[in-house]
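Architecture and fold: a report
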Amino acid sequence: MLVAPAAAATLVLGTVGPASAGGASGGTGDDNGDGYGAGATHVTVTGDVSQALRASVPSPPPLCWWEPVSALGWEVDPEDPEAVKKYWEDEVRPWLTGHAAEGALAVDYDRFVEAVKAQASGTDITWYALEINDDLRPEGDGYEQAAELNARGCGSGTQPGREGPILVTINWFPTGQQPDPVVDPEILAEYAYEVMDLVEPTLDWNPKIGDTANASLVNLPTWMWVDDLDAVGERSVTASAGPVSATVTASTDGLSVTSPAGTTRCDTTQARQAYAAGVDESSGCVLSFGRASWGYANGFPVSTSAIWQATWTSNQGEGGELENKTSGATTYIPVAESQALVSAVD
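Let us look at the structure shown here. Counting restarts for each chain: residues are numbered from 1 in the order of the written sequence. Given that the model is predicted, a residue must reach a pLDDT of at least 70 before its local features are reported, and side-chain atom pairs must reach 80 or more before they are shown or counted; all residues, however, enter totals for whole chains, interfaces and linings. Note that the side-chain values use all heavy atoms of the structure and ignore hydrogens as well as water.

1. Regarding the environment of Glu82
Let me state the cut-off plainly: Numbered from the N terminus, helices here are DSSP runs of H or I no shorter than four residues, and strands are runs of E no shorter than two. For every residue, the accessible area (1.4 Å probe, protein chains only) is compared with the maximum for its type, and the residue is labelled buried under 20%, exposed over 50%, or partly exposed between those bounds.
Position of Glu82 relative to the elements: it lies in helix α2 (residues 81-92). Residue classification places Glu82 among the partly exposed positions, given a relative accessible area of 48%. Separated by 34 residues in sequence, Glu82 and Val116 have C-alpha atoms that sit 6.4 Å apart.

Have a look at this one:
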């Protein structure tokens, strides 16, 4: 956080005591029981989620979160409102002079009085300081940053400064009830996409000649379909962190099928249509293999590829497109030659 604005009147985003000239910055850290830390965003996800990916993909970094004022280097018990008020008046406020005077607006002075009253009434309170993740800090001068951060839900509102808004970055809350970290909705959407379960498109097929290792036959139309219908079609995941939620919807427009002896492309409906007697062949994903799979121990390696196109929306009114992803798999399909038996010659 910045201590003093430059001569051009950049905004003080926060205020620090003399023991912490540089202030506290975001970007790293873990939850220590008193605050969140930049690595401790709590995210809930619903929809077509891969639990394996959920366990391995790091939570999205927050844009801002609250830590006890001791994170700023304040040498005071953040749960003692009288001591915090005295520390502010004796150790912090005297440093805020000249251009740095606007730093005093980073706290609403009335909150000191309210904190004392709240504790007197039996409420356990803690003074917190807003942390900003420097890697995600908005562009612009301090006033522009304050306006953007406030719009995204960081801080406790603003107070009018000489040339623009001052973000309130020092405040008290009932102990352990500070606001949740704020996550940028697009970053949250990217996380939702990362943990989406994009099922591998492995295949089943017909015909299967039982006495030849379930082989299909050369030049006979082989009907193929995905083992799991979710391997093509549409998938959706919603991720929520504090007040922000983002929903990602991904869909495919079909399946590419490639083998050493033939290639085809099938739309989503064809790829999901299992073989059944009486179903027209045009409804399925059909490929004729031009030769037998001799030389391939387990049959032809038939590769499938589905391209997922994703869009996202959020409860913050933002949305857009995400990069395409490809899911693929290999299914081994043996193909045999049909042998005709000549029993008599005229």
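2. Some words on the packing of aromatic side chains
Rules: Each Phe, Tyr or Trp ring, with Trp reduced to its six-membered ring, pairs with another whose centre is within 6.5 Å; inter-plane angles below 30 degrees give stacked pairs, above 60 give edge-to-face pairs, and intermediate values give tilted ones. Either the NZ atom of lysine or the CZ atom of arginine qualifies as a charge over a ring when it sits within 6 Å of the ring centre and within 35 degrees of the ring normal.
For the structure shown, the criterion picks out ten aromatic pairs. For the pair Trp223 and Tyr275, a centre-to-centre distance of 5.3 Å together with 80° between the ring planes defines the contact as edge-to-face. Separated by 52 residues along the polypeptide, Trp223 in strand β9 (residues 221-226) and Tyr275 in the loop between α6 (268-272) and β14 (285-288) bring together distant segments of the chain. Through successive ring pairs, a cluster of aromatic residues spans Trp74, Tyr87, Trp88, Tyr109, Phe112 and Trp127. The lysine or arginine in question, Lys208, covers the ring of Trp205, its NZ or CZ lying 4.5 Å from the ring centre. Lys325 extends its terminal NZ or CZ atom over the ring of Tyr193, reaching a point 4.2 Å from the ring centre.

3. Looking at the pairing of β14
What counts, and what does not: Only when DSSP finds a minimum of two bridges between them are two strands counted as paired.
Alternating positions in β14 separate cleanly, Cys285 and Leu287 being buried on one face and Val286 and Ser288 remaining unburied on the opposite face. Bridge count for β9 against β14 is four bridges, and the pairing is antiparallel. By the bridge assignment, Pro221 is partnered in β14 with Ser288.

4. A word on the state of the cysteines
Rules: The disulfide criterion is simple: two cysteine sulfur atoms within 2.5 Å.
Overall, the coordinates contain two disulfides when judged by the stated rule. Here Cys64 is linked by a disulfide to Cys154, with a sulfur-sulfur distance of 2.0 Å. In this structure, the disulfide formed by Cys64 and Cys154 twists by about -95° around the S-S bond and is classed as left-handed. A residue pair is termed long-range when its members are at least 10 positions apart, and Cys64 in strand β2 (residues 64-68) and Cys154 in the loop between α4 (142-151) and β4 (158-160) qualify at 90 residues. According to the relative accessible area criterion, Cys64 is buried, its value standing at 2%. We classify Cys154 as buried; its relative accessible area is 1%.

5. Topic: a negative patch on the surface
To be explicit about the condition: Patches here are clusters of residues that have more than 30% relative accessible area and form no salt bridge, with a 9 Å joining cutoff for like charges and a 5 Å cutoff for nonpolar side chains (Val, Leu, Ile, Met, Phe, Trp, Tyr). Only the protein chains shown count as cover for residues, with accessible areas throughout obtained via the Shrake-Rupley method and a probe of 1.4 Å. Think of a salt bridge as a Lys or Arg side-chain nitrogen and an Asp or Glu carboxyl oxygen that are within 4 Å of each other. In this count, Lys and Arg are taken as positive residues and Asp and Glu as negative ones, while His and the chain termini are left out. A charged residue contributes its charge at one atom only: NZ of Lys, CZ of Arg, CG of Asp or CD of Glu.
Taken together, the side chains of Asp77, Glu79, Asp80, Glu82 and Asp124 make up a negatively charged region of the molecular surface. One can find Asp124 in the loop between α3 (110-120) and β3 (125-132).

6. Focus on the sheet that holds β2
Note the following rule: Working convention: axes come from line fits to C-alpha atoms, limited for helices to the stretch in contact. Angles between N-to-C directions cover 0 to 180 degrees.
Strand order in this open sheet of three strands is β2-β3-β6, and the pairing throughout is antiparallel. Two strands close off the open sheet at either side, each with one partner strand: β2 and β6 (170-174). Ignoring which end each strand starts from, the neighbouring axes of this sheet average 45° apart. As judged from the five bridges shared by β2 and β3, these two strands associate in the antiparallel manner. Bridge assignment links Cys64 to a residue of β3, and that residue is Ile132.

7. Re the environment of Leu229
Topologically, Leu229 is positioned in the loop between β9 and β10 (234-241). Overall, Leu229 belongs to the partly exposed group, its relative accessible area being 40%. It is 8.8 Å that separates the C-alpha atoms of Leu229 and Val199, two residues lying 30 residues apart in sequence.

8. Quick look at the sheet that holds strand β7 (residues 203-206)
The pairing of strands in a sheet happens through backbone hydrogen bonds and is either parallel or antiparallel. Taken in spatial order, the three strands of this open sheet run β7-β9-β14, and their pairing is antiparallel. The strands lining the two open edges of the sheet, one partner per strand, are β7 and β14. Looking at each pair of strands side by side, their axes are set apart by 35° on average, direction ignored.

Without other data, these values stay purely geometric and don't point to any function.
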